Amino acid sequence: MRRIKYILIIAFLGTFCESNAQAQKDSWIKTSWNNMVAHYNIYFNAQQKLESCISRLADKQKDDFNSIIHVFPYGSEKEAKSIKEPLEVAMKKASKVIQNKPNSKWVDDAYFLIGQTQFFGMDFYSSIETFQFVNNSFKDEKTKALSQLWLMKSYIQQKKYDDAEAIYGVLKNTPIKYPDFKTQLNLAAGDLMVKQNKLSEAVTLLNDGLSKLRDKRLRYRTHFVLGQIHLKLNEYEKANINFIKVLKLNAPYQYVFQANLGMAKSTASSNGQGAQKTRKYLKRMLDDEKNKDYFDQIYYELAKLEFRLENESDGLFYMKKSAKNSSNNQIQKTKTYLFLADYYFNNRQYPAAQAYYDSTIAEIPQDYPEVERIKAKHAVLSRLIENIETIKEQDSLLALSYLDRAELDKKINKLVQEIKEKELFAAEEEALRRDQAMLNNNSGGSTPTPNNTGGVWYFYNTSSVARGTNDFNRLWGSRPYGDFWRYLNKSSMSNVLNGSDESITDTESVLDVDTYNSSQDEEQTEALKDVSNDLKKYYVDIPFSATAQLIAKKKIQTAYLDIGKVYFEDLKEDQKAKINFSSLIEKHPKTEYKPEVLFYLTKIALKMGDTLKANQLSKQISDEFPETIYNQVLNNKEIPEDNSDIEVLRIYQDMYFALQEENYNKIIQLKNSIDKNHAGNSIQDKIDYLFAQAIGKTQGRDAYITELKNMKETYQGSSIGELSTYTLRLLQKPEEQATKSKLFDDDFDDVFYYVITGKTAAEKQVEIKINEFNKKAIGNIPLKVSSLIFGDRSLFYIKQFSVKSLAISYHEEVKSDKQFLLDAGLSNIRYYPITEKNFRKLISNKKEVEYIDQFKSTFVQ
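Residues numbered from 1 in each chain as written. Predicted model: local features only at pLDDT ≥ 70, side-chain atom pairs only at ≥ 80, totals over all residues. Heavy atoms only, no water.

Let's shift gears to the overall build of the protein. Each helix and strand in the protein was counted, giving 40 helices and four strands. Burial status across the protein gives 47% buried among its 861 residues. Considering only intrachain contacts with a sequence separation of at least 6, the fraction spanning at least 24 residues in the protein is 63%. Here the protein has roughly 45200 Å² of accessible surface; of this, 50% comes from carbon and sulfur atoms. (Helix = DSSP H or I, 4+ residues; strand = E, 2+ residues; numbered from the N terminus. Buried < 20%, exposed > 50% of the residue type's maximum accessible area, 1.4 Å probe, protein only. Contact = heavy atoms within 4.5 Å. Areas by Shrake-Rupley, 256 points an atom, 1.4 Å probe, with all protein chains shown as cover.)

Another aspect to go through is the nonpolar core. Generally speaking, soluble globular proteins have nonpolar side chains that are buried together. Counting residues in hydrophobic clusters, the biggest one holds 72 residues, and the most contacted among them are Leu149, Met152, Phe181, Val225 and Ile229. Setting aside residues up to four positions removed in sequence, Val225 forms contacts with Ile68, Ile69, His70, Val71, Val194 and Leu206. Formed by 65 residues, the second largest nonpolar core is a distinct cluster that contains Tyr300, Leu302, Leu340 and Leu617. (Core = buried A, V, L, I, M, F, W, Y, C linked by side-chain atoms within 4.5 Å.)

Glancing now at helix H4 (residues 107-120). The end-to-end C-alpha distance of H4 is 20 Å, a good match for the 20 Å that 14 residues give at a rise of 1.5 Å each. Most of H4 sits out of view: 13 of its 14 residues are buried. Of the residues flanking the end of H4, it is Met122, one or two places downstream, whose phi is positive at about 65°. (Expected span 1.5 Å × (residues − 1).)

A few words on the side chain of Thr360. If you trace the backbone, Thr360 turns up in helix H17 (residues 350-363). Of the residues examined, Thr360 reaches a relative accessible area of 0% and is grouped as buried. Look past the residues within four positions of Thr360 in its chain and what remains in contact with it is Thr334, Tyr337, Leu338, Ala341 and Ile374.

Here we come to the environment of Ser827. Of note, Ser827 is situated in strand S4 (residues 827-835). On a C-alpha basis, the gap between Ser827 and Glu389 in space is 7.6 Å, while along the polypeptide they are 438 residues apart. With residues up to four places along the chain from it excluded, the contact list for Ser827 reads Glu389, Gly758 and Lys759. A polar contact is formed between the side chain of Ser827 and the side chain of Glu389, at a distance of 2.6 Å. (Polar contact = N/O pair within 3.5 Å; in protein donor to acceptor, adjacent residues only side chain to side chain.)

Counted residue by residue, strand S3 (residues 793-801) has seven buried out of nine residues, so it is predominantly covered. Looking at chain direction, strand S2 (residues 784-790) and S3 are connected through seven bridges and run antiparallel. Note that in S3 the partner of Phe790 across the bridge is Arg793. (Pairing = 2+ DSSP bridges.)

The next subject is the side chain of Lys335. Take Lys335: it is sitting in helix H16 (residues 330-346). Despite its burial, Lys335 pairs with no opposite charge, the nearest such side chain being Glu301 at 5.2 Å. (Lys, Arg positive; Asp, Glu negative; His and termini not counted. Salt bridge = Lys/Arg side-chain N within 4 Å of Asp/Glu carboxyl O.)

Okay, the packing of helix H31 (residues 664-677) against helix H32 (residues 684-699) next. Remark: H31 packs on H32, axes separated minimally by 9 Å, with the N-to-C direction vectors making an angle of 140°. For H31 against H32, the interelement crossing comes out left-handed. Within the contact between the two elements, H31 uses Tyr664, Asn665, Ile667, Ile668, Lys671, Ile674 and Asp675 and H32 uses Gln684, Ile687, Asp688, Leu690, Phe691, Ala694, Ile695, Lys697 and Thr698. Each residue belonging to the contact of H31 with H32 can be placed in one class, and the counts come to nine nonpolar, three polar and four charged. (Axes fitted to C-alpha atoms, helices over the stretch in contact; angles between N-to-C directions. Left-handed = near helix turned anticlockwise from the far one by under 90°. Nonpolar A, V, L, I, M, F, W, Y, C, P; charged D, E, K, R; others polar.)

The next subject is helix H28 (residues 611-624). The first and last C-alpha atoms of H28 sit 20 Å apart over 14 residues, in line with the 20 Å expected at 1.5 Å per residue. Taken residue by residue, H28 has Ala614, Leu617, Ser618, Ile621 and Ser622 as its buried positions. Projected down its long axis, H28 carries its buried residues within an arc of 140°, all on one side. Across from the buried face of H28, at angles greater than 90 degrees, the exposed residues are Leu612, Lys619 and Asp623. (Arc of directions from axis to C-beta.)

With that settled, the discussion passes to the environment of Lys709. With respect to the element layout, Lys709 can be found in helix H33 (residues 701-714). With a relative accessible area of 44%, Lys709 lands in the partly exposed category. For Lys709 and Ser724, which are 15 residues apart along the polypeptide, the C-alpha to C-alpha distance reads 7.3 Å.

Applying the stated criterion across every chain, the model contains 31 salt bridges. The partner of Lys565 in a salt bridge is Glu596, and the shortest N-O contact between them spans 2.8 Å. Separated by 31 residues along the polypeptide, Lys565 in helix H25 (residues 546-570) and Glu596 in helix H27 (residues 594-607) bring together distant segments of the chain. Here the two residues Lys565 and Glu596 agree in accessibility, since each one is buried.

This is the structure we're talking about:
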């Protein structure tokens, strides 16, 4: 029995041990199986999906070569949205590892991969949380180190540079055996230093990262970044070394081109012979057909080189070539147009400067450096040019109103006949072009060049055109105002002949330009009653009645005053301000603006050091206008009617000086003091305007807009109210504009016209120039140029373009070379493509500004 007992015990123990061994064996097999499935099935597929997304982002990377590019090609938010679905697939696959294989050793890697999908999806808040979780929850050194590295990258993308640098401080002293870790850490840290403008530190880190870097894309990008940094640090030889390495690495052509351009810049700056080498190098680049899309940048660099060498005419030529060859590079367009605008501005050629500022504003990105300063300068010049055009227009209209009716009718009839001839000429020319195009298609021939001295058409003969233009200008205002005895309004005839406005001064001072309606002016209506409807549009703006003439003169006076203020206050051109203020008083000695004009002339005399003249003007104000605030400011005289204004004026002066010193808090304090102690004063509008400027500077854009809206309502119809309205229009957000009901269709499935409007007294010359431009820019495409009277402007329309792309292409040509319009005598220019349907609406409703706003927001992509 005892033996049997022992045998049973031994047998039981043997069975137990064998069973336990089998269980351990089964547990090891199961664990290995789970790890293998988690890795090679689920995690591997997720990783492949993520790598595909990363590669797509890198392929679509669009770098801004105007600044130092990013080391890593992470793409844009737009591109990140385009890979949202595949990123979600990768995230779901990684989640399966966590859910289905929670005991496998790939769980930490799965969490890390989820963090990467969040990173490349631009969800940096989530990626930060995930990488922090991985770092705190798992023990694998490699995974912990990588999670901290990508946590650092996430902070860099969020521009939390201090947090990123703190993590780098920890990681750089941590011994990590993972082979590529130090390389990636150095590159990320170098990128961080570039973004903080710590360029010398960035160079060291990026060079360390390059030493063992195997990824070709990162190699050429890093070398390019180093080239840019050395160029910025004036280390031209080192810059060239890195740019050459970009070329040797067979980088995509955009990097090859920019590297060549970088070498050209460094060569130009390196030594005395560098400029000559650079000029030849850049011109060779122009001979390479592959650089066609980059001609704007090459011409821009050539222009800057010539300006630096003081070859101003060559520099201007190349800069205009840059504008003409502008591509889809919005930054480069902005730089070129802005350079030309600043050039003309600094040379005091304000009409040309305003035209190029127009182009700049149309292209400039909202995050462009000093964008608000550029917009402000554009607004000032637009105001200047608008007033200059007002004077020209109203002077011309007044000159016409002084003519005898028979002579005026003769002039109008001649104009109508010229318009009909132009339309006939354009129609025949279009038919000729179409016939010639058909012949070319059949025979491969080319369009003959018109004879400049004796062609069939009148406009081919340049001598005839010149004679006709001179005759046109002579008839429309070049003759002296000696025939005022033919003035339609006989009651005002003697005053006009004597150059005196004395009899109408009192009436003029109470007229409101904004509320005047010519249709309610009986004398104006009487003058137009015998005019046929088809000719009325040529007469309607001519001021026939005494009231209409007073309105025209008041517009001229206001324009002279505003021009003087722009020159004095904004452009600091004292001499030009003096000329315009003096012209106002000389031409309109009884103007209601005389005390204000004398006040400005006094200030100008003081600035110029002409104390004698300043004293004379100051005495004149004291004698003629003793009760005005201008006398109070200049002569410290009390105003008996309202002594309270003395203290207000003193405070207002303090506010004005505070604005010049950018002491905005003081302005707000002084405004509160005025509201408390001097409510109802006579210069409250000016005080409120200074206060609005201070609010805008201290409380931001929205608060500024609120103040301007209040002022617009409170001072409606005054100069301050108009200024507030204009400023609001400049500040209005795109989303606010979008809420406005649309006056025009957004359907572009239609033929297109192209419209150019402006102010001119030589429509014929403008049409000739447009036809010449069309031949040069478009070639054999048959285009017809016609013109219309469009309110107070001339409208030229070119038809037609069969598809949107042709209209856009023509628009780019006009925008890059609109100097020809200025040369033709057209000013205050607007230009845009428009569908035939919208063109009919435009002619009907005259809402040009509204169409241009809608065009910019919906048509331009």
